[in-house]
Amino acid sequence: MIKNFAYILALLCFFVSCKKNNDIKETRKKGLITQNAMVVSARVEASKIGSDILKKGGNAFDAMCATQLSLAIAYPYAGNLGGGGFMVYRKANGNIGSIDFREKAPMAATKDMYLDENGEVIPEKSTLGAMAVGVPGTIAGVFEVHEKLGSLPIEDILKPVIALAHKGVVVTEKQEKRIKHYQPFFPKANKDSIILDKLWKANDTIKYPALAKTLERILKHGRDEFYKGETAKILVKFIQENGGIITEEDLARYKAQWRTPITFTYDDLNIISMSPPSSGGVCLAQIMKMIEPFHLDEYGHNSLKAIQAITEAERRAYADRSFYLGDPDFVKIPIETLINDAYLSGRMADFSFEKATLSSDVSHGNIQIIESNETTHYSIIDQFGNAISATTTLNGAYGSKLYCSELGFFLNNEMDDFSSKPGEPNMFGLIGAEANSIIPEKRMLSSMTPTIVEKNGKLYMSVGTPGGATIITCVLQTILNIHEFGMTMQEAVDAPRFHHQWLPDVIMMEPNSFDKSIIQQLEKLGYTINEEDSPVIGIVDGILVLDDNSYEGGADRRGDDTAVGF
């Protein structure tokens, strides 16, 4: 009888356990699933315009152009005409490539332009107002992508964007808070009041008639309207009247650059990411190759050992970043050495699970970072199987805070991403070296990491994020969350994140998101934890190709980000 009772009890436990496991599977959080195509961006308005372009028969590159420009209206915090960015792509036939439409230093820029007579950095000169502005690259990038890879007429791409500018965009609660937070800075950069000086509340509609006019001129006259036409003349006059040094010649000389992406393998994945002047691809390769020998899947997600291994790899990669990386048109970068297995194995040779390595003991290898958090990212996969991953920015929130009311857009403060003074941190705490010093027409170093992942030779995901110095580590953790820890794309982008960037020597952690006992164990091993200064680490957007070839969009809970598709 007792045996029978024990048997029945065991059977009941088995069924309860099965039901629990099934419930867990059934209740797993998934993002939007679509069969044909998808766009994920910071705002539903931009995602919808991109998706509508695809529905009309356009490809991922047409949708990229429309989404990029729509974000200048729907998300002026980082979306832009007055900034720049990077895009990585994979065509349906497997061909890959990338474009760099990063801003450049004006020709009148000098190495010490942000230093006083004592050689000290002048506060706010590289972050606020016209002297902080780099030559914008967005319009050049959009037209270059459309000309080489697009399929629809430019009218089909620009008209919905112009209509959005006229119609306006509804303010969200998060946007209301952002505007309110940054309003005190706008008068510091602008002589007159600007559109965002008003008391905007959630559910108000902000219209951008001046930006609509600018886009209408660009539609009529093409790329050169922005770089050589009436728009160029208005822009240069405005910048110079506000104390800046950009000239008409600076605009006329600007060109977007096609680059060869960084590619590397991790287990059965092939990673395709951005090459310099973005540090993203190189650093991502270094970190992933350094942690590949460790059994992260066995350690568990955000476990003590997983956090240690990832942190120590990040520490070493960011030390290399600060020393070696810059604009490849100006600096010789030993990329092959930096992502070489033997070199990276040597970099991790002094790591032990028994104690933290000190950043003071980690220099660059023998053969640190400042960058704004206020970037934005979008991922697109079209109905033909083409994929893009694009990250774009003004650098700081609303860039330099300088707003050209006549043209209807903010201007970047990208000059702060140079090393104003080698060894001094930028606004994001990143340390720079001579490789990233200011030279006329040079592109400043970035952390943007638009990334595409293949699995067994097939398209697997498109992913990226804003987050300044944390971009690289956010992309890394999202890929690991799916590959090592079996998460859905939505779970992967929503999961708590941490970050280490060599200097300062702290692990940044999203507050109230990590097991307290893990934090205590890390501190015992010598790690310094900072939960106060990192309420948000990245706002990741990604698309995962599922086993049945449908798509799952992951739109980060930390923003107003939205996936739209069909």
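Residues numbered from 1 in each chain as written. Predicted model: local features only at pLDDT ≥ 70, side-chain atom pairs only at ≥ 80, totals over all residues. Heavy atoms only, no water.

1. Quick notes on the sheet that holds strand 16 (residues 498-499)
Consideration 1: Pairing in this open sheet of three strands is mixed, and the strands run 16-17-18 from one edge to the other. Since the sheet does not close on itself, it has two edges, and those belong to strand 16 and strand 18 (529-530), each with one partner.
Consideration 2: Bridging between strand 17 (residues 507-509) and strand 18 involves two bridges; their strand directions are parallel. What sits directly across from Ile507, in strand 18, is Ile529. (Pairing = 2+ DSSP bridges. Helix = DSSP H or I, 4+ residues; strand = E, 2+ residues; numbered from the N terminus.)

2. Observations regarding the sheet that holds strand 21 (residues 562-565)
Consideration 1: One open sheet accounts for seven strands, arranged 7-4-3-11-10-2-21; its pairing is antiparallel. The sheet terminates laterally at strand 7 (257-259) and strand 21, the two strands that pair on one side only. Ignoring which end each strand starts from, the neighbouring axes of this sheet average 15° apart.
Consideration 2: Bridge analysis of strand 3 (residues 84-90) against strand 4 (residues 96-101) gives six bridges, and the strand direction is antiparallel. Paired with Val88 across the two strands is Ser98, which belongs to strand 4.
Consideration 3: Against the sheet, helix 2 (residues 44-55) contacts strand 2 (38-41), strand 10 (375-381) and strand 21, and its axis sits at roughly 160° relative to strand 2. (Axes fitted to C-alpha atoms, helices over the stretch in contact; angles between N-to-C directions. Contact = heavy atoms within 4.5 Å.)

3. Topic: the nonpolar core
For soluble globular proteins, nonpolar side chains are generally found buried alongside one another.
Consideration 1: The biggest cluster of nonpolar side chains holds 88 residues, and the ones touching the most others in it are Leu284, Met288, Leu296, Ile479, Leu480 and Met509.
Consideration 2: Setting aside chain neighbours within four positions, we find Leu284 in contact with Phe264, Ile271, Ser273, Thr449, Thr451, Ile472, Val475, Leu476 and Ile479.
Consideration 3: In terms of nonpolar packing, the next biggest core, distinct from the first, is built from 85 residues, Met64, Ala78, Ile154 and Ala165 among them. (Core = buried A, V, L, I, M, F, W, Y, C linked by side-chain atoms within 4.5 Å. Buried < 20%, exposed > 50% of the residue type's maximum accessible area, 1.4 Å probe, protein only.)

4. Re a negative patch on the surface
Consideration 1: Together, Asp267, Asp268, Asp297 and Glu298 make up a region of like negative charge exposed at the surface.
Consideration 2: Tracing the backbone shows Asp297 in helix 13 (residues 296-299). (Patch = residues over 30% accessible without salt bridge, like charges linked within 9 Å, V, L, I, M, F, W, Y side chains within 5 Å. Areas by Shrake-Rupley, 256 points an atom, 1.4 Å probe, with all protein chains shown as cover. Salt bridge = Lys/Arg side-chain N within 4 Å of Asp/Glu carboxyl O. Lys, Arg positive; Asp, Glu negative; His and termini not counted. Charge placed at Lys NZ, Arg CZ, Asp CG, Glu CD.)

5. Some points on the packing of helix 12 (residues 280-291) against helix 17 (residues 471-483)
Packed helix pairs are specified by the crossing angle of their axes together with the interaxial distance, meaning the distance between the axes.
Consideration 1: Between helix 12 and helix 17, the shortest axis-to-axis distance is 10 Å and the interhelical angle comes to 45°. With respect to helix 17, the element helix 12 is oriented oblique. Here helix 12 and helix 17 pass one another in a crossing that is right-handed. Contacts between helix 12 and helix 17 involve Gly280, Cys283, Leu284, Ile287, Met288 and Ile291 from the former and Ile472, Val475, Leu476, Ile479 and Leu480 from the latter.
Consideration 2: Along the lines of polarity and charge, the residues of the contact of helix 12 with helix 17 split into ten nonpolar, one polar and no charged. (Parallel < 35°, antiparallel > 145°, perpendicular 65-115°, else oblique. Left-handed = near helix turned anticlockwise from the far one by under 90°. Nonpolar A, V, L, I, M, F, W, Y, C, P; charged D, E, K, R; others polar.)

6. What about the pairing of strand 4?
Consideration 1: Burial runs high along strand 4: five of the six residues are buried.
Consideration 2: Hairpin connection from strand 3 to strand 4: five residues lie between these consecutive antiparallel strands, with Gly94 at a positive phi of about 95°.
Consideration 3: Of the pairings in the sheet, the one linking strand 4 to strand 7 comprises three bridges and is antiparallel in character. Considered in strand 7, the bridge of Ser98 is made with Arg259.

7. A closer look at helix 19 (residues 516-524)
Consideration 1: Turning to helix 19, its buried residues are Ile518, Ile519 and Leu522. Down the axis of helix 19, the buried set is contained in an arc of 100°. They therefore lie on one face.
Consideration 2: Those residues of helix 19 that are buried lie in contact with helix 14 (304-324), strand 17 and strand 18.
Consideration 3: Two residues or fewer after helix 19 comes Gly526, characterised by a positive phi angle close to 105°. (Arc of directions from axis to C-beta.)

8. A few points about unusual backbone geometry
In most cases, non-glycine residues show a negative phi, while peptide bonds are predominantly trans.
Consideration 1: Omega for the peptide link from Pro276 to Pro277 comes to 20°, which places this bond in the cis form.
Consideration 2: Residue position: Pro277 is located in the loop between strand 9 (269-273) and helix 12.
Consideration 3: Even without glycine at this site, Asn203 takes up a positive phi of about 80°.
Consideration 4: Here Asn203 shows up in the loop between helix 7 (186-189) and strand 6 (205-206).
Consideration 5: One non-glycine residue, Tyr398, lies in the positive phi region at around 55°.
Consideration 6: Structurally, the position occupied by Tyr398 is in the loop between strand 11 (387-393) and strand 12 (403-404).

9. Re the side chain of Glu103
Consideration 1: Secondary-structure assignment places Glu103 in the loop between strand 4 and helix 4 (138-149).
Consideration 2: A distance of 2.9 Å separates the side chain of Glu103 from the backbone nitrogen of Gly84, its partner in a polar contact.
Consideration 3: Apart from residues lying up to four places away in sequence, Glu103 is in contact with Gly83, Gly84, Gly134, Val135, Pro136, Gly137, Thr393, Asn412, Glu414, Lys442, Arg443 and Met444. (Polar contact = N/O pair within 3.5 Å; in protein donor to acceptor, adjacent residues only side chain to side chain.)

10. Some words on the pairing of strand 9
Consideration 1: With four of its five residues buried, strand 9 lies for the most part within the structure.
Consideration 2: Where strand 8 (residues 262-266) lies against strand 9, five bridges are found, and the strand directions are antiparallel. Bridge pairing links Thr265 to Asn270 in strand 9.
Consideration 3: Note: strand 9 against strand 14 (residues 451-455), five bridges, orientation antiparallel.

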